[in-house]
Amino acid sequence: MNQLQVFLPCAAGVEDMLAAEVKRITGVDAPHKARGGVALNASWRDAMRLNLHSRLTQRVLVQLWHGGYRSEQDLYHAASEVAWEIWFTPAQTIKVEITAQHSPLTSLNFAALKVKDAICDRFREKRGERPSVDTTWPDVRIYVHLTTETVSLYIDTSGEPLFKRGWREDKGDAPLKETLAAAMIAATGWDACADQPLDEIVPLYDPCCGSGTVVIEAAQIALNIPPGYLRRFAFEKLLPFQPHVWQPILDEAERQQRDWPEGHPPIVFGSDVSFRMVDFAQRNAERAGVAHAIELRGGDALQRMPPSDKPGVMLLNPPYGERIAAAGVAGQSSEDRASARAQRAAPREPRTFTVGKAAPPAPGLGRESAQMADGGDGSDFFSQLAAHWKSHYAGWTAWLLTPDLKLPGKMRFKESRRVPLWNGPIECRLFRFDLTARRPRPEPDIED
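So, how was this worked out
Residues numbered from 1 in each chain as written. Predicted model: local features only at pLDDT ≥ 70, side-chain atom pairs only at ≥ 80, totals over all residues. Heavy atoms only, no water. Buried < 20%, exposed > 50% of the residue type's maximum accessible area, 1.4 Å probe, protein only. Helix = DSSP H or I, 4+ residues; strand = E, 2+ residues; numbered from the N terminus. Pairing = 2+ DSSP bridges. Axes fitted to C-alpha atoms, helices over the stretch in contact; angles between N-to-C directions. Contact = heavy atoms within 4.5 Å. Phe/Tyr/Trp six-rings, centres within 6.5 Å; stacked < 30°, edge-to-face > 60°. Core = buried A, V, L, I, M, F, W, Y, C linked by side-chain atoms within 4.5 Å. pLDDT = per-residue confidence, 0-100.

1. Observations regarding the pairing of strand S9 (residues 268-272)
Most of S9 is tucked away, with five of its five residues classed as buried. Neither face of S9 is open: one carries Val-268, Gly-270 and Asp-272, the other Phe-269 and Ser-271, and all of them are buried. In the sheet, strand S8 (residues 204-206) pairs with S9 via three bridges, with the strands oriented parallel. In the strand pairing of S9, Tyr-205 is matched with Phe-269. The pairing of S9 with strand S10 (residues 294-298) spans five bridges and is classified as parallel.

Structure (structure tokens):
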């Protein structure tokens, strides 16, 4: 276990940021970047540390086999060669998932079944019994990825996806994933604040904070609280796991957390037009251990004044869908929002196949990425928002994540930077706007 081939999948557009994060966590100088992830040679201890500390990856996968294939039987032979018995026992349950890019196989579900059969047959030969399949809460997850000519077999060390930090119990419809929120923060460079004194940290403000994803991620970064500090991981059920190796990693992470001086003012701010969502964000922040570093308030994004005397960074996912109508009217009813939700159209995601279970339907889009519920483009709201910022947020930097590539024009802003990011299957841009004060209109000449 001293040298493992590890793959860290991530959202498209995050690869460079993830590579930098991996280097910071493990010390590996040059992790290999590929579309949709980062690969590296790492130790078992590194794999555990990546699970605990990485904010950007979706999972930590250990590659156990890679080679060519032409048929389902080739997949069976490949899986038969892997020494699964050194990773788990036949008393544990398994789940096999398969993804593919331009695979020539006609049935990915059948391909996943052949891999499962190979694993079970090897256990029956080596141990006299076979593991059972559990597609809901398995002890061990096995991933198969097919390209046109190659197959890769992985064992998952994470369990539930790493965006599930363990603190989000209150949420709205399809909230922004924590991994994407962390990528937004990393793209701004604000994540470097973990190395700065508290008094020198630039304020961060999300005026459409929803259930608090962005502000809670930011506060944990500032306090140096690992994203996985509140959750468990699949590697704790694998045979190589040793509690006496894991506990010092946890102890080190606890020692590195930043002490918060009594009475120190918040450094992260959030507000939302829905007071119900502000309550959700407050409860989530308390579970995440960062409530003392965040100030949350209700209020209309078109009316909220800067939360800090010191200019800072605004970071938000503009309110699409049912929230766009509410963006300028704090009192919109829950019935109105429910009606708007009913009008949304759900996109289709790339399919994955799981042995024993049909692929799940793609979830609907929430406020962060849905199209306008009323069919409009939100131009009025965004132009008003831009005017409000010009009048009151001079010196601030605003970053907006949106699938609308024409948003700068609607706001009559010229972006100083645009960062490609993907919100699930949706291609987005994170636009940066450097805010300056509105120029006063010249006084008209008055003739006598």
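2. Notes on the sheet that holds strand S14 (residues 417-423)
Ordered in space as S10-S9-S8-S11-S13-S15-S14, the seven strands form an open sheet in which the pairing is mixed. Edge positions in the open sheet fall to S10 and S14, since each of these has one partner strand only. Averaged over neighbouring strand pairs, the angle between their axes works out to 20° when direction is ignored. With two bridges joining them, S8 and strand S11 (residues 313-316) adopt parallel strand pairing. Its bridge partner being in S11, Leu-204 is matched across the sheet by Val-313.

3. Some words on the environment of Ala-100
Relative to the elements of secondary structure, Ala-100 occurs in strand S5 (residues 94-100). Along the chain, Ala-100 and Val-151 lie 51 residues apart, while their C-alpha atoms are 9.1 Å from each other. Setting aside residues up to four positions removed in sequence, Ala-100 forms contacts with Leu-108, His-145 and Leu-146.

4. Let's talk about the packing of aromatic side chains
One pass over the structure, following the stated rule, counts 13 aromatic pairs. Aromatic side chains Phe-235 and Phe-241 sit 5.9 Å apart centroid to centroid with 45° between the ring planes, which places their arrangement in the tilted category. Of the two residues examined, Phe-235 and Phe-241, each falls in the buried class. When the ring of Phe-381 is compared with that of Phe-382, the centres are 5.1 Å apart and the planes differ by 65°; the resulting orientation is edge-to-face. Of the two residues, Phe-381 and Phe-382, neither departs from the other in class, the shared state being buried. Among the aromatic residues, ring-to-ring pairing joins Trp-44, Trp-87, Phe-233, Phe-235, Phe-241 and Trp-246 into one connected group.

5. Quick look at the nonpolar core
Membership of the largest hydrophobic core comes to 106 residues, with the highest contact counts inside it found for Phe-88 and Trp-190. What Trp-190 contacts, discounting residues up to four positions off in sequence, is Ile-185, Ile-201, Val-202, Pro-203, Leu-204, Ala-218, Ala-222, Val-268 and Val-313.

6. A look at the confidence of the model for the protein
A low pLDDT score tells you not to read the predicted coordinates there in detail. Across the protein, pLDDT averages 86, with 83% of residues at or above 70. Ranking the elements of the protein by mean pLDDT puts helix H10 (residues 334-342) last with 38 and S8 first with 98. Across residues 321-375, confidence stays below pLDDT 50; counting only partners more than four residues off in sequence or on other chains, it has 104 contacts.

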